[in-house]
Amino acid sequence: MPNPTSNWHYEQGPIGRLMKVGYTLLRREMQDLLRESNLTHTQWSALNILKYYPGITSSELEHILMIERPSVTSLMNGLEKRGLIIRRDDPRDGRSKQLFLTDAGEELAEHTKHFGMEVEQKVRAAMSEEDLEMLKLSLLKLIRALENR
């Protein structure tokens, strides 16, 4: 019986598989950079979102990160336990909490913000500007075609 991993050719896979492989490899690159900071990719993403959108709510963060509410709750609990975020009552809605970085969270977000650019530079080194722009445009078309189901 042939070994499927040695005979696998990504270019034969469907677009969804190619996207998953590309995303997985990008995420692994980020995880390697984040390991020293003891952050996951999702934690890093949340810190950076909170850096630029202080006071965002969990439901807004759920939408941006594209994760389920229980995952956002777990994520925020972990970041709060580490002293990286605080939650405050939302003055617009008493049932909701606004999320803010603490000084330690702000410092960590600042210290690690360049990691995204480091990974993007690896991609840029392998593609022309024209190819990269075409990829972005194609991905945006795909997103727009599928996001409003």
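Our subject is the structure listed above.
Within each chain, residue numbers correspond to sequence positions counted from 1 in written order. Only residues with pLDDT of at least 70 are given local features in this predicted model, and only at 80 or more are side-chain atom pairs given and counted; all residues enter the totals for whole chains, interfaces and linings. Side-chain numbers come from the whole structure's heavy atoms, not from hydrogens or water.

Asks: Please clarify how the overall build of the protein chain should be interpreted in this entry.
Replies: Broken down by element type, the protein chain carries eight helices and three strands. Numbering of helices and strands runs from the N terminus, with a helix taken as a DSSP run of H or I at least four residues long and a strand as a DSSP run of E at least two residues long. Along the protein chain, from the amino end to the carboxyl end, the secondary structure elements read α-α-α-β-α-α-β-β-α-α-α. Each radius of gyration is computed over the set of C-alpha atoms, and the globule rule expresses the reference value as 2.2 Å times the number of residues to the power 0.38. Here the protein chain has a C-alpha radius of gyration of 18 Å; the compact-globule value for 149 residues is 15 Å, and the former is much larger. If one aligns the C-alpha atoms of the protein chain with their principal axes, the spans along those axes are about 55 × 40 × 40 Å. Only protein chains enter the accessibility calculation, which uses a 1.4 Å probe; a residue is then buried when its area is under 20% of its type maximum, exposed when over 50%, and partly exposed in between. Within the protein chain, buried positions represent 28% of all 149 residues. Once the 21 positive and 22 negative side-chain charges of the protein chain are each reduced to a mean point, those two points are 5 Å apart. In this tally, Lys and Arg are treated as positive and Asp and Glu as negative; His is ignored, and so are the chain termini. Where a charge sits is defined by one atom per residue type, namely NZ (Lys), CZ (Arg), CG (Asp) or CD (Glu).

Asks: I would appreciate a short explanation of the packing of helix α3 (residues 41–52) against helix α4 (residues 58–65) in the present structure.
Replies: When two helices pack together, their arrangement is given by the angle between the helix axes and by the axis-to-axis distance. A fitted line through C-alpha atoms serves as each axis, taken over the contacting stretch for helices, and the angle formed by two N-to-C directions is quoted from 0 to 180°. Following both chains from N to C, one finds α3 and α4 inclined at 125°, their axes separated by 11 Å at the closest point. If you check the angle between α3 and α4, you find them oblique. In this structure, the crossing between α3 and α4 has a hand that is right-handed. Residues Thr42, Ser45, Ala46 and Ile49 of α3 pack against Leu61, Ile64 and Leu65 of α4. When describing relative orientation, an angle under 35 degrees is termed roughly parallel and one over 145 degrees roughly antiparallel, while 65 to 115 degrees is termed roughly perpendicular and anything else oblique. We call a crossing left-handed when the near helix sits turned anticlockwise from the far one by less than a right angle, and right-handed when that turn is clockwise. When checking whether two residues touch, look at their non-hydrogen atoms; a contact exists if any pair is within 4.5 Å.

Asks: Would you mind going over a nonpolar patch on the surface with me for this structure?
Replies: A residue counts toward a patch only above 30% relative accessible area and without a salt bridge, and it is joined to like-charged neighbours within 9 Å or, for Val, Leu, Ile, Met, Phe, Trp and Tyr, to nonpolar neighbours within 5 Å. To measure how exposed things are, a 1.4 Å probe is used in the Shrake-Rupley method; for residues, cover is taken only from the protein chains shown. Should a side-chain nitrogen of Lys or Arg be within 4 Å of a carboxyl oxygen of Asp or Glu, the pair is scored as a salt bridge. A surface patch of nonpolar side chains, amounting to about 630 Å² of accessible area, comprises Ile15, Leu18, Met19, Leu135, Leu137, Leu139, Leu140 and Ile143. Contributions of two or more residues to the nonpolar patch are made by α2 (15–34) and α8 (129–146). Per element, the largest residue contribution to the nonpolar patch is five residues, and it comes from α8. Among the structural elements, leucine 18 can be located in helix α2.

Asks: Help me out: how do you make sense of the sheet that holds strand β2 (residues 85–90) in this one?
Replies: Pairing between the strands of a sheet comes from backbone hydrogen bonds, and it takes one of two forms, parallel or antiparallel. Strand pairing is assigned whenever DSSP detects at least two bridges linking the two strands. Read from one edge of the open sheet, three strands run β1-β3-β2, paired in antiparallel fashion. If you trace the sheet from one side to the other, it starts and ends with β1 (56–57) and β2, each paired once. Note that β1 and strand β3 (residues 93–101) share two bridges and pair antiparallel. Each residue of the ladder has a partner; that of isoleucine 56, found in β3, is leucine 99. Along the sheet, α3 contacts β1, β2 and β3; its crossing angle with β3, the most-contacted strand, is approximately 100°.

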